[in-house]
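Single-letter residue listing:
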Amino acid sequence: MAGHSQFKNIMHRKGRQDAQKSKLFSKLAREITVAAKLGAPDPAMNARLRAAMIAARAENMPKDNIERAIKKASGNDAESYDELRYEGYGPGGVAVIMEVLTDNRNRAASDIRSYFTKAGGNLGETGSVSFMFDRLGVIEYDAGKASADDMLEAAIEAGADDVVSGEGGHEIYASQDTFREAAKALEARFGEARKVALIWKPQNTVAVDDDTGEKLLKLIDLLNEHDDVQNVYANFEVSDALMAKLGG
């Protein structure tokens, strides 16, 4: 798990960089609308919608905004979003995956390609880097919900594959096939998780020097700030000194 903490640091950094709540709420609402449109508008019957609502609540998105986003899915004026995945190599040959929801494929592709080009990277074909990641479900709980031993025991009983516990909380990983059921079992025992999502988790991470790391983090910040980009994953590690320098 050598690169795990860095993977998490980048995700937390995303939260800070996305401090403009209106932009963050817009992305969360878009995911809620798409999830409700693809399945039932009832979170009890629609696992993706439930996960999207949990993510929205974790960011203190107002209840009215959440309900409006769900209703929007059934309205005649509901926007149509394409769900896309872009893959590429950033500075230093680091693998990057972006999950996108867009109403304009050409705009999204053009903008993302330009970001990679300016950063000295290359946008590749779908599948060009995803083989270096595992598609997993993650379920997260605050550290105070349970001891590490209790969470591990409960996760094993629920059918999960791995648990990482620390001061920041508990992260439970499960396969795509089992993670929804694992999430239900854990919720029955510990209450609602702070996060339930499918992610791309790097199989291995690559340590990069501070110069390359700074370029990579700037690229990731640019991508995260784009309205159409929902999530960004990358397989690199940077030094603690660089993270401290950048406020990460």
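Per an unreviewed UniProt entry, the protein chain carries the name Probable transcriptional regulatory protein B2M20_15850 and comes from Nitrobacter vulgaris. Checking UniProt for the protein chain, the heading Sequence similarities (unreviewed entry) contains the comment "Belongs to the TACO1 family." As stated in UniProt under Subcellular location (unreviewed entry), the record for the protein chain gives "Cytoplasm".

**Remarks on the sheet that holds strand β4 (residues 133-141)**
On the basis of which strands lie adjacent, the open sheet formed by four strands has the order β5-β6-β4-β7 and antiparallel pairing. One side of each edge strand has no neighbouring strand; the edge strands of this open sheet are β5 (162-166) and β7 (195-202). Looking at each pair of strands side by side, their axes are set apart by 30 degrees on average, direction ignored. Strand direction decides the pairing type here: β5 and strand β6 (residues 169-175), joined by five bridges, are antiparallel. Paired with valine 163 across the bridge in β6 is isoleucine 172. Along the sheet face, helix α7 (residues 179-190) touches β4, β6 and β7 and points at about 10 degrees away from the line of β4.

**Regarding the environment of tryptophan 200**
Summarising the element assignment, tryptophan 200 is placed in strand β7. You can call tryptophan 200 buried: its relative accessible area is 10%. Spatially, the C-alpha atoms of tryptophan 200 and tyrosine 233 are 6.5 Å apart, while their sequence positions differ by 33 residues. Looking at tryptophan 200, its side chain comes within polar contact range of the side chain of glutamate 99, at 3.2 Å.

**Regarding the nonpolar core**
Residues Tyr86, Met98, Ile112, Phe116, Leu223 and Phe236 are the most contacted members of the largest nonpolar core, which totals 24 residues. If you list the elements that add at least two residues to this core, you get β1 (82-89), β2 (95-102), α5 (105-119), α8 (210-225), β9 (229-234) and α9 (240-245). Looking at which element gives the most residues to this core, the answer is α8, with five residues. Not counting residues within four places of it along the chain, the set of residues in contact with isoleucine 112 comprises Tyr86, Met98, Val100, Leu123, Leu223 and Val229.

**Examining the UniProt feature "domain: TACO1/YebC-like second and third" (unreviewed entry) in the protein chain**
Under the feature "domain: TACO1/YebC-like second and third" (unreviewed entry), the UniProt entry names residues 81-236. Across residues 81-236 one finds 35% helix and 37% strand; the C-alpha atoms that close the span lie 30 Å apart.

**Thoughts on the packing of helix α2 (residues 21-38) against helix α3 (residues 47-58)**
Relative orientation of the contacting elements α2 and α3 amounts to 165 degrees, with a least axis distance of 8 Å. Considering their axes alone, α2 and α3 lie roughly antiparallel with respect to each other. Judged by the twist between their axes, the crossing of α2 over α3 is left-handed. Residues Leu28, Glu31, Ile32, Val34, Ala35, Ala36 and Leu38 of α2 pack against Arg48, Leu49, Ala52, Met53, Ala55 and Ala56 of α3. By residue class, the composition of the contact of α2 with α3 is 11 nonpolar, no polar and two charged.

**Some words on the pattern of salt bridges**
Should their charged atoms come close, side chains of opposite charge can pair. On inspection of all chains with the given rule, the structure shows 17 salt bridges. Residue arginine 194 pairs with glutamate 140 through a salt bridge whose shortest N-O separation is 3.1 Å. A residue pair is termed long-range when its members are at least 10 positions apart, and arginine 194 in the loop between α7 and β7 and glutamate 140 in strand β4 qualify at 54 residues. Taking the shortest distance from any N to any O, the salt bridge between aspartate 142 and arginine 194 comes out at 2.8 Å. Separated by 52 residues along the polypeptide, aspartate 142 in the loop between β4 and α6 (148-158) and arginine 194 in the loop between α7 and β7 bring together distant segments of the chain.

**Let's talk about the packing of α2 against helix α4 (residues 63-74)**
For the pair α2 and α4, the least separation of the axes is 8 Å and the interaxial angle reads 40 degrees. One way to sum up the angle between α2 and α4 is to call them oblique. In the crossing of α2 with α4, the sense of the turn from one axis to the other is right-handed. On α4, the residues touching Phe25, Ala29, Ile32, Thr33, Ala36 and Lys37 of α2 are Asn65, Ile66, Ala69, Ile70, Lys72 and Ala73. For the contact of α2 with α4, the per-class residue count stands at eight nonpolar, two polar and two charged.

**Some words on the layout of surface pockets**
The calculated volume of the second largest pocket comes to roughly 270 Å³. When residues of the lining of the second largest pocket are traced back to their parent elements, those giving at least two are α3, β4 and α7. For the lining of the second largest pocket, the element with the highest residue contribution is α7, accounting for five residues. For the lining of the second largest pocket, the class distribution of residues is 11 nonpolar, one polar and six charged.

The rules we used
Residues numbered from 1 in each chain as written. Predicted model: local features only at pLDDT ≥ 70, side-chain atom pairs only at ≥ 80, totals over all residues. Heavy atoms only, no water. UniProt positions renumbered as here; feature names shortened; annotations may be inferred. Pairing = 2+ DSSP bridges. Helix = DSSP H or I, 4+ residues; strand = E, 2+ residues; numbered from the N terminus. Axes fitted to C-alpha atoms, helices over the stretch in contact; angles between N-to-C directions. Contact = heavy atoms within 4.5 Å. Buried < 20%, exposed > 50% of the residue type's maximum accessible area, 1.4 Å probe, protein only. Polar contact = N/O pair within 3.5 Å; in protein donor to acceptor, adjacent residues only side chain to side chain. Core = buried A, V, L, I, M, F, W, Y, C linked by side-chain atoms within 4.5 Å. Parallel < 35°, antiparallel > 145°, perpendicular 65-115°, else oblique. Left-handed = near helix turned anticlockwise from the far one by under 90°. Nonpolar A, V, L, I, M, F, W, Y, C, P; charged D, E, K, R; others polar. Salt bridge = Lys/Arg side-chain N within 4 Å of Asp/Glu carboxyl O. 1 Å grid on protein atoms, 1.4 Å probe; cavity = no way out; pocket = protein on both sides within 12 Å on 5 of 7 lines; lining within 4 Å. Points joined across faces, edges and corners; volume = space filled by probe spheres on them.

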